[in-house]
Each structure stands twice: as C-alpha cells, then as structure tokens.
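Below, each chain spelled out in residue letters.
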Amino acid sequence: MPDTIETLTFAATVSRSIADVAMLVAVPAAIVLAILLALDNADLLLVPFAGLTVSVLLAAVGLGAQYVQPLIDVLIVTAGAAAIGTGVRVLLERRAHLARRTR
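This text gives an overview of the structure that appears in the document. Everything numeric in this text was worked out from a predicted model, so none of it was measured.

About the thresholds
- Residues numbered from 1 in each chain as written.
- Predicted model: local features only at pLDDT ≥ 70, side-chain atom pairs only at ≥ 80, totals over all residues.
- Heavy atoms only, no water.
- Helix = DSSP H or I, 4+ residues; strand = E, 2+ residues; numbered from the N terminus.
- Expected span 1.5 Å × (residues − 1).
- Buried < 20%, exposed > 50% of the residue type's maximum accessible area, 1.4 Å probe, protein only.
- Arc of directions from axis to C-beta.
- Core = buried A, V, L, I, M, F, W, Y, C linked by side-chain atoms within 4.5 Å.
- Contact = heavy atoms within 4.5 Å.
- Polar contact = N/O pair within 3.5 Å; in protein donor to acceptor, adjacent residues only side chain to side chain.

1. Comments concerning helix α2 (residues 46-61)
Argument step 1. With 16 residues, α2 extends 23 Å between its outermost C-alpha atoms, agreeing within 8% with the 22 Å of an ideal straight helix rising 1.5 Å per residue.
Argument step 2. Within α2, the full set of buried residues consists of P48, G51, L52, S55 and A59. Angularly, the buried residues of α2 cover 95° about the axis, an arc narrow enough to put them on a single face. In α2, those exposed residues whose orientation departs by more than 90 degrees from the buried face are L46 and L57.

Have a look at this one:
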C-alpha cells in the first residue's frame, strides 16, 4: 500500500510539473500571435497556433492532478494576445483610413 501512495504522489507531481511548462510555451507563442495579427500576416499564424495548442495540451495534463491554474493562465494569455494583436491592427487600419480621407 505505501508504494501505491508514493506512485500516486509522484504521478501528481509530474503532472503538475508538465502543466507548469505550458506557460514556457504559451508566452512566446502568444507574443508571436499578437505581432502577426497586428501586422496582418495571416499566412504565418499556423506557427503560434501550434505552439498555443501544445501549451493547452501540456496544461491539460495538470487536470489529472486537479491542477487547473496553468490551463486558466494559458487561456488568458492566448485571449489577451489575440485581443492586443487585433486591437493594434484595427487602430492601424483606422489611422490609414483617416489619412486617406484627409488627402
């Protein structure tokens, strides 16, 4: 019986460690996503989406150990990056439209 408890404790620790790695993948991918959205480079968006997908899967491993926080963090970072990138693109388009209008 003690071996079972040690094994389960080890598995939970490994699950938490894998889930913590998710942010190491998510943050650079989210930065690239925001930049590509702002620059309107839709053909390159597959790369950050792949990184964010991997980070969500890594964070989901922690759910087995009832460790939800990394998954929430990854989703917040992803949503924030998408909002920032899209917002910057909208502002750039608005500025270009106003510049064309004043000419």
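Following the structure, the description resumes.
2. Re helix α3 (residues 69-102)
Along an α-helix, residues three or four positions apart point the same way, because every turn accommodates 3.6 residues.
Argument step 1. Between its first and last C-alpha, α3 extends 49 Å over 34 residues, near the 50 Å set by a 1.5 Å rise per residue.
Argument step 2. Those residues of α3 lying buried are P70, L71, V74, A81 and G85.

3. Structural notes on the nonpolar core
Argument step 1. Counting 14 residues, the largest nonpolar core has L33, L45, L52, A59, V74 and A81 as the members making the most contacts within it.
Argument step 2. Contributing elements (two or more residues each) for this core: α1 (2-39), α2 and α3.
Argument step 3. With eight residues, the top contributor of residues to this core is α1.
Argument step 4. Once residues within four sequence positions are removed from consideration, V74 is found in contact with A22, M23, A26, S55, V56 and A59.

4. Structural notes on the environment of L52
Argument step 1. In this fold, L52 is placed in helix α2.
Argument step 2. Residues L52 and V25, spaced 27 residues apart in sequence, show a C-alpha to C-alpha distance of 7.1 Å.
Argument step 3. Beyond its immediate stretch of four places on either side in the chain, L52 contacts A26, A29, A30, L33 and T78.

5. Quick word on the environment of V61
Argument step 1. Structurally, V61 is set in helix α2.
Argument step 2. Not counting residues within four places of it along the chain, the set of residues in contact with V61 comprises S15 and I18.

6. Some thoughts on the environment of T102
Argument step 1. With respect to the helices and strands, T102 occurs in helix α3.
Argument step 2. Judged by relative accessible area, which is 69%, T102 ranks as exposed.
Argument step 3. Among the polar contacts listed, one links the side chain of T102 to the backbone oxygen of A99, at a separation of 3.0 Å.

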